Amino acid sequence: MKRAWPLLLLYLATVALVLSGAASAAVLAAAQSNFTPDSTKQAGFPADLYSWVIPADNPESPAKVALGKALFVDRRLSADDSKNCESCHEPAKGFTDQLPTSMGIHNKFGQRNAPTVLNAMFNVTQFWDGRAPTLEEQAKQPILNPIEMGMKNPDDVVAKINAIPEYQNRFQEVFGRPVNYDDLARAIAAFERTQFAFDTPFDKFMAGDQHAITDSAKRGWSIFNGKGRCMSCHGWNPTQPLFTDFKFHNIGVSAHKSDFTPLARKALATIEQTGGVQQIDQLAIGTDLSGLGRFLVTKQPHDIGAFRTMGLRNLLVTQPYFHDGSQATLWDTIDHYNKGGVPNPFLDGGIVPLGLGESEEDDLVAFLLSLTSPAYERASKEEYGLQFKRSRTDRPQRDVAAAMGQKGRTASNLGGPFGDIGPEQALENPAQLGGR
Ligand code: HEC
Ligand code: HEC
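Residues numbered from 1 in each chain as written. Chains lettered and ligands numbered in written order. Predicted model: local features only at pLDDT ≥ 70, side-chain atom pairs only at ≥ 80, totals over all residues.

## Looking at the overall build of the protein chain
Note the cut-off: What counts as a helix is a DSSP run of H or I of at least four residues, what counts as a strand is a run of E of at least two, and both are numbered from the N terminus. Three exposure classes are used, based on other C-beta atoms lying within 10 Å of a residue's own C-beta, which is placed from the backbone: buried for 20 or more, exposed for 12 or fewer, and partly exposed in between. Whether two residues are in contact depends on their C-beta atoms, placed from the backbone: they are in contact if these lie within 7 Å.
From N to C terminus, the protein chain includes 18 helices and two strands. Counting only residues that meet the buried cut, the protein chain has 48% of its 436 residues in that class. Contacts in the protein chain between residues at least 24 apart in sequence constitute 73% of all its contacts with a sequence separation of at least 6.

## Things to note about the site of ligand 1
Which entries qualify depends on this criterion: Each residue receives a C-beta atom built from its backbone; the residue is near a molecule or strand if that atom lies within 6 Å of it. We call Asp, Glu, Lys and Arg charged. Ala, Val, Leu, Ile, Met, Phe, Trp, Tyr, Cys and Pro are nonpolar, and the rest, Gly among them, are polar.
In the region of ligand 1, 28 residues are neighbours, and C85, C88, G104, F127 and P142 sit closest. Looking at the shell around ligand 1, the elements with two or more residues in it are helix 4 (85–88), helix 5 (135–144) and helix 12 (277–286). Its residues assigned to classes, the shell around ligand 1 shows 17 nonpolar, eight polar and three charged.

## Here we look at the environment of V174
For V174, the location among the structural elements is in helix 7 (residues 165–175). The sequence separation of V174 and V65 amounts to 109 residues, and the corresponding C-alpha distance is 9.6 Å. With residues near it in sequence (within four places) discarded, V174 still touches A63, K64, L67 and A187.

## Re the packing of helix 3 (residues 62–72) against helix 8 (residues 181–192)
Selection criterion: In this analysis an axis means a line fitted to C-alpha atoms, helices contributing only their contacting stretch, and an angle means the value between N-to-C directions, from 0 to 180 degrees. With respect to orientation, any angle under 35 degrees is reported as roughly parallel, any angle over 145 as roughly antiparallel, any angle of 65 to 115 as roughly perpendicular, and every other angle as oblique.
The contact between helix 3 and helix 8 brings their axes to 7 Å, and the two run at 100 degrees. Considering their axes alone, helix 3 and helix 8 lie roughly perpendicular with respect to each other. Mapping the contact onto sequence places K64, V65, L67, G68, K69, L71 and F72 in helix 3 and L184, A187, I188, A189, A190 and F191 in helix 8.

## A look at the site of ligand 2
Taken together, 26 residues lie around ligand 2, and C230, C233, F307, F322 and H323 are the ones closest in. Per-element accounting of the shell around ligand 2 gives the leading share, four residues, to helix 14 (residues 330–338). Classifying every residue of the shell around ligand 2 by side-chain character gives 15 nonpolar, nine polar and two charged.

## As for helix 11 (residues 260–270)
This is how it is decided: The arc refers to the directions leading from the helix axis to the C-beta atoms.
If you check which residues of helix 11 are buried, you get F260, A264 and A267. An end-on view of helix 11 places all buried positions within 55 degrees of arc, on one side of the element. The outward face of helix 11, more than 90 degrees from its buried face, is lined by the exposed residues P262, R265 and A269. Structurally, helix 11 contributes buried residues whose contacts are with helix 13 (295–298).

## Details of helix 7
The complete set of buried residues in helix 7 reads Y167, R170, F171 and V174. Along the axis of helix 7, the buried residues cluster in a sector spanning 100 degrees; they form a single face. Set apart from the buried face of helix 7 by more than 90 degrees, the exposed residues are P165, N169, Q172 and E173. On its buried side, helix 7 packs onto helix 3, helix 6 (154–162) and helix 8.

## A short note on the nonpolar core
Inclusion rule: Each nonpolar core comprises buried Ala, Val, Leu, Ile, Met, Phe, Trp, Tyr and Cys residues, the members being joined through C-beta atoms within 7 Å. The start and end points of each domain follow an automatic or database-based domain assignment.
Core analysis: the largest hydrophobic core is formed by 55 residues, its most contacted members being L292, L296, I304, L364, V365, F367 and L368. Taken together, the elements giving at least two residues each to this core come down to helix 9 (201–206), helix 10 (215–225), helix 11, helix 12, helix 13, helix 14, helix 15 (358–369) and helix 17 (400–403). For this core, the two domains that each supply at least three residues are domain 1 (17–192) and domain 2 (201–258 + 305–432). The residues contacting L368, other than those within four sequence positions of it, are L312, L315 and L330. Counting 37 residues, the second-largest nonpolar core is a separate cluster that includes L67, L135, A185 and A187.

## What to know about unusual backbone geometry
Working note: non-glycine residues mostly have negative phi, and peptide bonds are mostly trans. Residue P320 follows Q319 across a cis peptide bond; omega there is -10 degrees. Following the sequence through the fold, P320 ends up in the loop between strand 2 (307–308) and helix 14. The phi dihedral of Q98 is positive, around 55 degrees, even though this residue is not glycine. Considering the arrangement of structural elements, one finds Q98 in the loop between helix 4 and helix 5. Residue classification places Q98 among the partly exposed positions, given that 16 C-beta atoms sit within 10 Å. In this model, N314 sits at a positive phi of 55 degrees, which is unusual for a non-glycine residue. Its place among the elements puts N314 in the loop between strand 2 and helix 14. For N314, a count of 24 C-beta atoms within 10 Å corresponds to the buried category.

The structure is reproduced here in structure tokens:
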């Protein structure tokens, strides 16, 4: 792996050149997008990990990446030429739509919040419930989902794209064969694997620059690893700097509006035992079974209401939060954790009242703000300002009594060893808290 690395760098440099220059003139690469792959020289870029995430049957090449980008922004991939991937994953909005849940063709809203495409190449599985194993398999779903892009079946997509002479040529050039659905997904995935975002103040701090983040962010990092217990699911280390364990946990988000047991019974009656990804996709995006999360994929009771731990980079351009977009601000998400989530029979054992005070929540948000890549610095500061202001008056999730363990949900009745008494962390050297 180590020896292949210089080659990869060379390749990425070439991709950067192609995307910024030659390909922007191509007819297919619609001009509304100006995203370019970021340099691998970014602080915090996990070079070793990156070399693992390029699948053997889909090596990157500049021509393939350019084709994938053209497809990503092409509205003709939707039934009525109204939606492209970018409609819900806009580069300026951190590759999200900043809506609670996404709007597809015919202005229909789905049940789920659009996660970012940035750094998605590192995900062990794709989607909030992990129903797609790879970026390639992921890309095939929204095109066929009746309320996202609404194409009837892969054959129709291939016929539509194949009727465009320039695509015919580009597919031949890149793959050496006529347009087909697998290659279409491969090209899109190859493009997505150029969209990574690191180089944040936090990454610079961990690389040794003690002044890269504020004192408040340093305290937040300490709380993140200590009293806040965030690191038990959103852990960081230099080779896995994505702030996620990629596992599935019920943290009580959909317990707000779902009565899990009858819903799970309904799901089992609905899902054919052989139900493939496409059926799960339709149930997850278009029905109230969505709140069951990972259970739709595994049918295992311990996965009821469980969703994938999301990464935490660039959160101040990807608001609102959680799989249903139910929390408007980072303070609201932290209030959710602070009170011990929303009680339900399937709640993850790691979700307990935290006893965080107001300034500790502010410090946690300051830490999360330090996970902002340079391209989003301005937008994030603005959003931070808005959220800060809102957090002073509007806190729908705040429940101080529950957070302090004074409301029926204490360490003893949760059966957990820690309850609301998470360990304090020493602050002498916060850079060492991340397990270096
Ligand atoms: C109508 C809005 C919409 C369109 C169009 C759309 N997406 Fe998405 N995308 C979403 C939503 C919502 C999710 C989360 C769905 C879920 O997890 O059940 C998602 C999930 C993803 C993910 C998974 C990210 C992760 O962290 O798990 C990727 C990658 C992605 N989309 C890429 C694409 C690509 C490529 C296209 C075009 C072929 C596309 N999307 C079209 C809304 C959209
Ligand atoms: C038990 C595991 C677990 C712990 C502990 C945990 N999280 Fe999470 N986190 C998750 C999961 C799972 C999700 C997605 C949940 C969903 O949407 O249903 C998530 C989502 C989030 C999101 C929303 C991300 C997005 O893109 O919408 C934020 C922000 C977040 N967590 C911050 C924190 C902070 C801060 C802490 C510590 C106070 C913390 N988490 C503790 C598992 C955890």
